[in-house]
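Tertiary structure, described
The primary structure of each chain is shown beneath.
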Amino acid sequence: FGRNLVFHEEVDSTNVQAKILARQGAPEGSVFVADCQTGGRGRMGRVWVSPPGANLYFSVVLRPSVPPVRLSQIPLLAAAAIHRAFGTSVEGVSSMIKWPNDILISGRKVCGILCEMETEPDMTHFVIVGIGINVNLQDIPGEIEAVATSLFLESGYEHSRSDILSSILNHFEPLYEEWQEAEDLRDFLPYLERYAWLKNRDVEVEHYKNTLSGRVQGMSRTGELLLEEKDGTVIAVSSGEARLCKG
Ligand code: BTN
């Protein structure tokens, strides 16, 4: 990944850029990076605060040759790649993967992933994997101060954004190749569960219009969160936003 890499000082959103270029045929593994974004987007229609000079904002174009039902596994794969990259490139911190697509350090978010899928006229798909990482950010904006952090704040030293980017891309590509050959996430589950921040915790998950609650047992082979409800039933949640229950 990254053999075709485009850098912009400023864009609206690297996901939007990547999507436009993917529609025009940008090859798999193309990477779009920006120093800042004027319209950075998060999941659930939220804004991704994207100031210049300190962070990483980038998007990778994937053209997976797998059945479309498997595409929802890609955020977890990306999370595993980022987690590995942090493990090798960032000293003194231990990060955790929060299902389905965040990386946390000390319970605060340091990285978010926004995957967007599109079907081409020939019925193949491309997926834009958008990754935002707070790298050297020193002052977390007030509105997210309680829930966000940066690699700098957690490790106590500044990081080279390009080293972190290349480390992520170097970890992501072989994982992705392995995943395409596999049937599901089975081979990645031990890793994903070992570093799962939600494991054995009581959570509430917003899943469409419902709030599901229970204790997290783990993850299914297809990437669903397995929740044990109060009556002992285990349900598999395919998507949503999980938050810890207080108490
Ligand atoms: C989230 O946690 O809500 C996902 C955040 C994803 C942010 C990244 S930054 C690069 C790419 N471009 C965007 O507009 N969003 C993603």
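Just so it is clear, the model here is predicted, and its values are computed rather than measured. (Residues numbered from 1 in each chain as written. Predicted model: local features only at pLDDT ≥ 70, side-chain atom pairs only at ≥ 80, totals over all residues. Heavy atoms only, no water.)

Bringing the sheet that holds strand β2 (residues 31-37) into the picture now. An order of β1-β2-β3-β7-β6-β5-β4 is seen for the 7 strands of this open sheet, with the pairing classed as mixed. Two strands close off the open sheet at either side, each with one partner strand: β1 (5-11) and β4 (95-98). Sheet twist, expressed as the average angle between the axes of neighbouring strands with direction ignored, equals 20°. Against the sheet, helix α2 (residues 74-89) makes contact with β3 (56-62), β4, β5 (102-105), β6 (108-119) and β7 (125-133), and its axis sits at roughly 140° relative to β6, the strand it touches most. (Pairing = 2+ DSSP bridges. Helix = DSSP H or I, 4+ residues; strand = E, 2+ residues; numbered from the N terminus. Axes fitted to C-alpha atoms, helices over the stretch in contact; angles between N-to-C directions. Contact = heavy atoms within 4.5 Å.)

Surveying the vicinity of the ligand reveals 20 residues, the closest of which are S13, Q37, R41, R43 and K109. Here K109 contributes a side-chain N or O atom positioned 2.5 Å from an oxygen atom of the ligand. The fraction of the free accessible surface of the ligand (420 Å²) that becomes covered by protein chains is 99%. Of all elements in the fold, only α1 (14-23), β3, β6 and β7 reach the threshold of two or more residues within the shell around the ligand. At 4 residues, the largest contribution of residues to the shell around the ligand is made by β6. The class makeup of the residues in the shell around the ligand is 6 nonpolar, 10 polar and 4 charged. (Near = heavy atom within 4 Å. Polar contact = N/O pair within 3.5 Å; in protein donor to acceptor, adjacent residues only side chain to side chain. Areas by Shrake-Rupley, 256 points an atom, 1.4 Å probe, with all protein chains shown as cover. Nonpolar A, V, L, I, M, F, W, Y, C, P; charged D, E, K, R; others polar.)

A few words on the pattern of salt bridges. In this structure the tally under the stated criterion is 15 salt bridges. Salt bridges here are not isolated pairs; linked through shared partners, they connect K19, R41 and E116. (Salt bridge = Lys/Arg side-chain N within 4 Å of Asp/Glu carboxyl O.)

Bringing the sheet that holds strand β11 (residues 234-237) into the picture now. Taken together, the 5 strands give an open sheet; going across it, the order is β11-β10-β9-β8-β12, and neighbouring strands pair in antiparallel fashion. The open sheet has two edge strands with one neighbour each: β11 and β12 (241-244). Across this sheet, the average inter-strand angle for adjacent strands is 45°, counted without regard to direction. In this sheet, β12 lies alongside strand β8 (residues 202-207) in antiparallel orientation, the contact comprising 4 bridges.

Of note, the amide linkage connecting W99 to P100 takes the cis form, showing an omega dihedral of -5°. In this structure, P100 sits in the loop between β4 and β5. One non-glycine residue, M123, lies in the positive phi region at around 70°. Positionally, M123 belongs in the loop between β6 and β7. Phi at Y208 takes a positive value of approximately 50°, unusual for a residue other than glycine. Judged by its relative accessible area of 72%, Y208 is exposed. (Buried < 20%, exposed > 50% of the residue type's maximum accessible area, 1.4 Å probe, protein only.)

For S50, the location among the structural elements is in the loop between β2 and β3. Here Q37 takes part through its side chain, which lies 3.0 Å from a polar atom of the side chain of S50. Not counting residues up to four positions away in its chain, the partners in contact with S50 are C36, Q37, G40 and Y57.

Glancing now at the domain arrangement of the protein. Assigned domains within the protein: domain 1 (5-193) and domain 2 (198-244). On a C-alpha basis, the centres of domain 1 and domain 2 stand 23 Å from each other. With 14 residues of domain 1 in contact, the opposing surface of domain 2 contributes 17 residues. Around 1400 Å² of area is buried between domain 1 and domain 2 when both sides are counted, 56% of it from carbon and sulfur atoms. Considering only the side of domain 1, the residues that lose the most area to domain 2 are K98, W99 and E193, jointly responsible for 49% of the buried surface there. Linking domain 1 to domain 2 there are 3 salt bridges. A salt bridge links R46 to E241; the nearest nitrogen and oxygen atoms lie 3.0 Å apart. Here domain 1 is connected to domain 2 by 8 residue pairs in polar contact (both at pLDDT 80 or more). Looking at which element gives the most residues to the side of domain 1 that touches domain 2, the answer is helix α5 (residues 189-194), with 3 residues. (Domains from an automatic or database assignment. Buried area = accessible area lost by both parts, 1.4 Å probe.)

Each aromatic ring pair is characterised by the separation of its centres together with the angle its planes make. Following the criterion strictly, the structure yields 5 aromatic pairs and no others. Look at F1 and F172: their rings are 5.4 Å apart centre to centre, the planes differ by 85°, and that puts the pair in the edge-to-face class. With a gap of 171 residues between them, F1 in the segment before β1 and F172 in helix α4 (residues 161-181) connect regions that are remote in the sequence. Overall, the relative accessible area of 10% leaves F1 in the buried class. Of the aromatic side chains, those joined through ring pairs into one cluster are F1, F172, Y176 and W179. (Phe/Tyr/Trp six-rings, centres within 6.5 Å; stacked < 30°, edge-to-face > 60°.)

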